[in-house]
Amino acid sequence: MLKPLGDRVVLKVEEVEQKVGGFVLAGNSQAATKTAEVVAVGEGIRTLNGDLVALSVKAGDKVLVESHAGVEVKFQDESYLLVSEANILAVVE
């Protein structure tokens, strides 16, 4: 499995199909945010004092992420999105 470093998060983006008048819109033509599941998180970032600040999200959380944020990564025939925690907008409860 991928283990992100620092404040990075590995996400599995949920593909959502939207039908309009019999046409299926691709995921890229939709809203400015994506819903994703957190697969793995880094250990956090260090402050200037050397203290470790853990991330606010954990594996299994559903989150909203900016549409064009991060880097798409292929690993073992699966597609993941690698983003910084700052690109996560909210946790979906």
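First things first, this report covers the structure right here in the doc. (Residues numbered from 1 in each chain as written. Predicted model: local features only at pLDDT ≥ 70, side-chain atom pairs only at ≥ 80, totals over all residues. Heavy atoms only, no water.)

Points about the environment of histidine 68
Among the structural elements, histidine 68 can be located in the loop between β7 (62-66) and β8 (71-75). Along the chain, histidine 68 and threonine 33 lie 35 residues apart, while their C-alpha atoms are 8.3 Å from each other. (Helix = DSSP H or I, 4+ residues; strand = E, 2+ residues; numbered from the N terminus.)

As for the packing of aromatic side chains
Applying the stated criterion across every chain yields a total of zero aromatic pairs. Positioned above the aromatic ring of tyrosine 80 is the side chain of lysine 12, whose terminal nitrogen or guanidinium carbon lies 5.5 Å from the ring centre. (Phe/Tyr/Trp six-rings, centres within 6.5 Å; stacked < 30°, edge-to-face > 60°. Lys NZ or Arg CZ within 6 Å of the ring centre and 35° of its normal.)

Topic: the sheet that holds strand β1 (residues 8-13)
Taken in spatial order, the six strands make up an open sheet running β8-β9-β1-β4-β7-β10, and their pairing is antiparallel. The sheet terminates laterally at β8 and β10 (88-92), the two strands that pair on one side only. In this sheet, neighbouring strand axes are inclined to one another by 45° on average, regardless of whether the strands run parallel or antiparallel. (Pairing = 2+ DSSP bridges. Axes fitted to C-alpha atoms, helices over the stretch in contact; angles between N-to-C directions.)

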